[in-house]
Amino acid sequence: MLERTIKTVVEHYGTPLYVYVKDVIRYQLAKVKRVFEGVRMLPTFACKANNNPRLIQLFLEEGFGTDIVSLGEYHASELAGVPRERIVWNGNGKTKAEMGFLKDKVGFINVDSVEEAQRWADFQSDANFFIRINPDVDPRTHPHISTGIRETKFGVHIDLIDEALSVLRKQGKKVLGFHIHIGSQITEVEPFLEAISIGVELSKKYGFGCINIGGGWGINYSGKELNLEEYRSKVVPLFSSFELVIIELGRYLIGPAGILVAKVEYVKRTPYKTFVVLDVGMNALVRPAMYGAHHGVHVLEPEEPWEESIVDVVGPLCETGDVIARNRSIPIPKCGSLMIVEDVGAYGFSMASNYNSHPRPAEVLIDLSTNEIRLIRRRESIEDLFRNVE
Ligand SMILES: *Cc1c(COP(=O)(O)O)cnc(C)c1O
């Protein structure tokens, strides 16, 4: 079913192509809603995982707002029609220009430092302010996506909370609570429990009835994912006395819903190794090169009888790190075969670049229950790459 649809979509839109499956998005949403059943909350989608306004719209229809970290992501939310009161603004480097523009266009602002709190003195805002705390908890994930230990640049150290709070209050800002986000692709409940418990204790101490618990839920790239039943039984009871809990989930909502479809250009055999060379690489999907991330790879409908072998799946870029998957046992594809890279809905397209002057792929949204196929972003053209040259 999915394989046939993918072939049809590729006939229309070519490769490389990002394809998102609505049915999977619905499934992920349902799981998240079940976890928080009974909690008074504002769920948001972290746009940095995927900024396509058509996808953001799907989350909006399900009652989600957005978590934004830039003017660009504000614009994505605006294109999707997200109302002000459902937009949360995060970031450790908010510029004066951004503050002046967004101060009355978002519902919630998470302040990252005492220095930022001081800078807010120049701006009137009736938004709801939260103070992002650094709980100094190790999320046991990749160091590049670990954000809540004291060595990282994020959040207000616990010893500086009073100062941040009094700076904001002197300005007449409405401070509603604390924000905690300790990292991404976290597959154990324990770090969440530890960090959120700290946030909950502090909220009680300061008399706050609202809390923002960030995102970071890990998905199953290669065998391990966050256990939601355990999360519901251990973490959710902490929220019983809160009147508002905000979450900011990115990867969990959209990661498993996206695949990257690529065409095999070469099967290159050397005395040491076999390389499957795709028509796309780290330009469209940087996670393997950047984090050593694992993504499942499949040959679409391999021709029988196939020979299975261990290969490196690589891209066409002039860079040794341009790898999509290393040492995988797959049926050896033919030149022209299609390959699928799994779980790329989050931090896939949104981290894509034009390195080696490759245009970025198109994006398509499919609904397997209705057979609806919709192009949601055109393929970039060569002209697009040089649009701003003077
Ligand atoms: C990146 C980020 C998120 C989303 O993280 P996921 O791992 O994609 O769920 C949420 N909140 C903040 C502050 C972030 O920086």
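Here goes a summary of the coordinates provided. Since the structure is predicted, the reported quantities are computational estimates derived from the model, not experimental observations.

**Some remarks on the overall build of the protein**
A count of helical and extended segments in the protein gives 12 helices and 18 strands. With the C-alpha coordinates of the protein rotated into their principal frame, the extents come out at 70 × 55 × 45 Å. Every one of the 390 residues in the protein was classed for burial, and the buried ones make up 55%. Contacts in the protein between residues at least 24 apart in sequence constitute 70% of all its contacts with a sequence separation of at least 6. Just so you have it, the protein exposes about 17300 Å², and 49% of that area is on carbon and sulfur atoms. Distance from the positive charge centre (45 side chains) to the negative charge centre (51 side chains) of the protein: 2 Å.

**Here we look at the pairing of strand β10 (residues 244-249)**
Most of β10 sits out of view: six of its six residues are buried. Of the two faces of β10, the one holding L244, I246 and E248 and the one holding V245, I247 and L249 are both buried throughout. Here five bridges tie strand β2 (residues 41-46) to β10, and the two strands are oriented parallel to one another. Note on β10: the bridge partner recorded for T44 is E248. Following the backbone out of strand β9 (residues 210-212), through helix α9 (residues 228-234) and into the adjacent parallel β10, one traces a crossover that is right-handed.

**Some points on the site of the ligand**
Neighbouring the ligand are 15 residues; K48, S184, E248, R251 and Y347 lie closest to it. A distance of 2.3 Å separates an oxygen atom of the ligand from a polar atom in the side chain of S184. G216 has a polar backbone atom sitting 2.9 Å from an oxygen atom of the ligand. Burial of the ligand by the surrounding chains reaches 93%, relative to a free accessible area of 390 Å². Within the shell around the ligand, the residues separate by chemical class into three nonpolar, seven polar and five charged.

Rules used throughout
- Residues numbered from 1 in each chain as written.
- Predicted model: local features only at pLDDT ≥ 70, side-chain atom pairs only at ≥ 80, totals over all residues.
- Heavy atoms only, no water.
- Helix = DSSP H or I, 4+ residues; strand = E, 2+ residues; numbered from the N terminus.
- Buried < 20%, exposed > 50% of the residue type's maximum accessible area, 1.4 Å probe, protein only.
- Contact = heavy atoms within 4.5 Å.
- Areas by Shrake-Rupley, 256 points an atom, 1.4 Å probe, with all protein chains shown as cover.
- Lys, Arg positive; Asp, Glu negative; His and termini not counted.
- Charge placed at Lys NZ, Arg CZ, Asp CG, Glu CD.
- Pairing = 2+ DSSP bridges.
- Right-handed = clockwise from strand over helix to strand, strands pointing away.
- Near = heavy atom within 4 Å.
- Polar contact = N/O pair within 3.5 Å; in protein donor to acceptor, adjacent residues only side chain to side chain.
- Nonpolar A, V, L, I, M, F, W, Y, C, P; charged D, E, K, R; others polar.

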